[in-house]
Number of protein chains: 2
Amino acid sequence: MGDVGIVATRFYHWPGSLQLESGARLGPLTIAYETYGELNAAGDNAILVLHALTGSAHIAGRHSPDDRLPGWWDPLVGPGRALDTRRYFVVCANVLGSCYGTTGPASINPASGRSYGLDFPIITIRDMVRAQKILLDYLGVRHLVAAIGGSMGGMQVLEWGFLYPEMVGAIIPIATGGRTTPMQIAFNNVQREAIYADPDWQGGDYYGTPGPRRGLALARRIGTITYKSDPSWTMKFGRTVVDPGKYYRLEGQFEVESYLAYQGRKLVQRFDANAYLYLTKAIDLHDVSHRRGNYAEVWQDFPCSCLGIGIASDFLFPPYQVKEIVRLIKAGGGRARYRELNSPYGHDAFLIEFKQLEAIIKPYLAELRPDLSG
Amino acid sequence: MGDVGIVATRFYHWPGSLQLESGARLGPLTIAYETYGELNAAGDNAILVLHALTGSAHIAGRHSPDDRLPGWWDPLVGPGRALDTRRYFVVCANVLGSCYGTTGPASINPASGRSYGLDFPIITIRDMVRAQKILLDYLGVRHLVAAIGGSMGGMQVLEWGFLYPEMVGAIIPIATGGRTTPMQIAFNNVQREAIYADPDWQGGDYYGTPGPRRGLALARRIGTITYKSDPSWTMKFGRTVVDPGKYYRLEGQFEVESYLAYQGRKLVQRFDANAYLYLTKAIDLHDVSHRRGNYAEVWQDFPCSCLGIGIASDFLFPPYQVKEIVRLIKAGGGRARYRELNSPYGHDAFLIEFKQLEAIIKPYLAELRPDLSG
């Protein structure tokens, strides 16, 4: 058992031009990625991890010995861990439209020599998956033991099952849905509006300026509320006030407010506002039945095994969505099972409940590929 | 059975000065109110209705025959209705700090001759109740059969039970809590921040200008999400798009987004942004145990009967809060019972499920005061 140590993000520069779902073309592309473990000679021991809205390719290890924190799924990736790097070749790529090295709205548009801004085309979950496929081909990956991820990552997991079923043994969608609900769209809408309403957003053409810091911070405050749960807020903060001397003042704050403000400020330092707009839009457009037929029927004869994982306290992506996917796959003749994280932490539980995730994922992977298990 | 017909909001100008919970003084006060039915000679057949965040005193009837809509609780108030105006004298007053006729931040500050703006003092739920008491004294009300209201109205209902128990026969708190939770505070925080972040807010000194329309509209969009429920959004809008031709554009909208924008615009036409700040702050400060002792213990020997009503699908004010109040009152030797609205509409159900409310409230009132029942 151990961690993966010091790792580096690498960059694949693909000279081609990708036909997007919208019909637009985008290219050349840069895809930022990290890998852990070794690809076997057959190219069939890979596990693809898909990240959520503000995530990056950096899931495990540290970029330098001084790094304060390891990657965002570190306890699950390493020798002896759930995604055992002695057996599997683990890959994660930053999604198209993001700002952690893969081509996105902040990237330089070769047509203008300036950042794309709003000239960046609309990206969908399917486009993200197609870009990942280009990377896996380049890396020599011929088969995925599993594709796994939570939230927006889970949407990509599902689309892997629809777009490249012959390449994927199993999908492990976590805290996600087969199509975004209107309530999820509503929460994304107000977060985008917070950015649009900031005069410093400047119609998306803010590169070279500080940009819409207050708007992006407000978006993150709102998002943060939806990633937690009522009991988790109460456990963590209760009704504690920051400064009792300001109790009867408008500017007085409860601890929970100070925490939200902190989360907002932190995201502004690390994320691009336009990427936030494009990625939340991609989430809104997510619907595995779009242009494929009836939602209940598209799961008929689903070719990949599915381990769906829900979170009991998640009100943003309520567990009924994953349960429904599992039910529809089984009803359609496929192999699927459902497991639930028993956690008070809400949507964020897939970034917190590592022990439960390991207990669910590790035996499932071993069952899928006994030949890779020790 | 019938409605109350044409009604008018009246205004009580109180020349005194109210000592607020914060220690500040506020006065003279204007209190806007409406009444329906007749006060009896004993002055003991009154029912006080308390309104929520953006509500007004206008609960029933119409102000003119051309009014498109009646008051916000109209189906519950009138001859033969749950709050039967043949038996009860029904009163509702606009709360202190609001903008529907009662003194609030938009009112003229006698000290400056200009709107108070941020010179308005912090108002608490207890202050609202004390102002209502001044009005009831003026009207000759000596006893309330019941105090009833939902959400912020329910908070006032509870404070009536603590501040003037000798005057209140029963309290009927709906979809509320004995103390605001950190998640509720968090949602209020982001709504206030949406207003603060609007440059047109101008530090609250925007009177005579259009004011922070976009910020207030965003606050309302956020609030609107919290007043509904996941199933209600799905039933009402699903994933329908406004214009399929804009599907692959950032500015493309799902119906749910168009609805949110509409709700935002509508509120801007009728509500004052500073009042929104002060009232959400009053909600945050709500805690019946504040300066009274331990939360579990303050309900000991609670003197009023309590009918607590929760809403199954309410994620903003989850029903466990009202259930807890009922449990604590009973544990403390008092009389309390719990009923639940079986509704998919979330927090808003107390403004929608009139039949269920009538079926719960009418027999309870008859039981409380058989002498007033027919």
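So, here is what we can say about the structure in this document.

Basis of the calculations
Residue positions are counted from 1 within each chain, in the order its sequence is given. Chain letters start at A and ligand numbers start at 1, both assigned in the order the entries are written. Selection of residues for local features in this predicted model requires a pLDDT of at least 70, selection of side-chain atom pairs for listing and counting requires 80 or more, and totals for whole chains, interfaces and linings are taken over all residues. The side-chain quantities take in all heavy atoms of the structure and omit both hydrogens and water. When a carboxyl oxygen of Asp or Glu is within 4 Å of a side-chain nitrogen of Lys or Arg, the pair counts as a salt bridge. The helix and strand labels rest on DSSP assignments: H or I over at least four residues marks a helix, E over at least two residues marks a strand, and numbering proceeds from the N terminus. Burial here depends on accessible area, computed with a 1.4 Å probe over protein chains only, as a share of the maximum for the residue type. Under 20% is buried, over 50% is exposed, and the range in between is partly exposed. Think of it this way: DSSP has to see at least two bridges between two strands before they count as a pair. Axes here refer to lines fitted to C-alpha atoms; in helices the fit is confined to the stretch in contact. Angles between the N-to-C directions go from 0 to 180 degrees. In what follows, residue pairs with any heavy atoms lying within 4.5 Å of each other are defined as contacts. Any helix carries an expected span of 1.5 Å times its number of residues minus one. Least squares is the method used to superpose the copies, on C-alpha atoms of residues holding a pLDDT of at least 70 in both.

## Quick look at the pattern of salt bridges
A side chain of one charge can pair with a side chain of the opposite charge if their charged atoms are brought near each other. On inspection of all chains with the given rule, the structure shows 38 salt bridges over all chains. Its salt-bridge partner being Asp84 of chain A, residue Arg86 of chain A comes within 2.9 Å of it at the nearest N-O pair. For Lys323 of chain B, the salt bridge identified is with Glu340 of chain B, shortest N-O distance 4.0 Å. Linking Lys323 of chain B in helix H8 (residues 320–331) with Glu340 of chain B in strand S14 (residues 336–341), this pair joins segments that are 17 residues apart in sequence. Residue Glu340 of chain B is classed as partly exposed on the basis of its relative accessible area of 32%. Bridged by salt links that share partners, the residues Asp44, Arg369 and Asp371 of chain A form one connected network.

## Description of the sheet that holds strand S14 (residues 336–341) of chain A
Residue and element names in this part refer to chain A. Read from one edge of the open sheet, 8 strands run S1-S4-S8-S5-S11-S12-S13-S14, paired in mixed fashion. Each end of this open sheet is capped by a strand with a single partner; those strands are strand S1 (10–14) and S14. Averaged over neighbouring strand pairs, the angle between their axes works out to 20° when direction is ignored. In terms of strand pairing, strand S5 (residues 46–50) meets strand S8 (residues 89–93) through 4 bridges, oriented parallel. For Ile47, the partnering residue across the bridge sits in S8 and is Val90. Packed on one face of the sheet, helix H2 (residues 152–163) meets S5, strand S11 (144–150) and strand S12 (168–174) and runs near 150° to S11.

## Considerations on helix H6 (residues 255–270) of chain A
Here H6 of chain A contains 16 residues, and its C-alpha end-to-end distance of 23 Å stays within 8% of the 22 Å for a straight helix at 1.5 Å per residue. Next to the buried residues of H6 of chain A lie helix H4 (213–227), helix H5 (230–237) and helix H7 (273–285) of chain A together with helix H3 (182–196) and helix H7 (273–285) of chain B.

## Points about the relation of the copies chain B and chain A
The two copies are related by a screw operation: chain B maps onto chain A through 180° of rotation and 0.0 Å of translation along the axis, at an RMSD of 0.0 Å. Read as a symmetry element, the transformation amounts to a two-fold axis. Interface residue correspondence from chain B to chain A reaches 100%, placing this contact among same-surface, isologous pairings.

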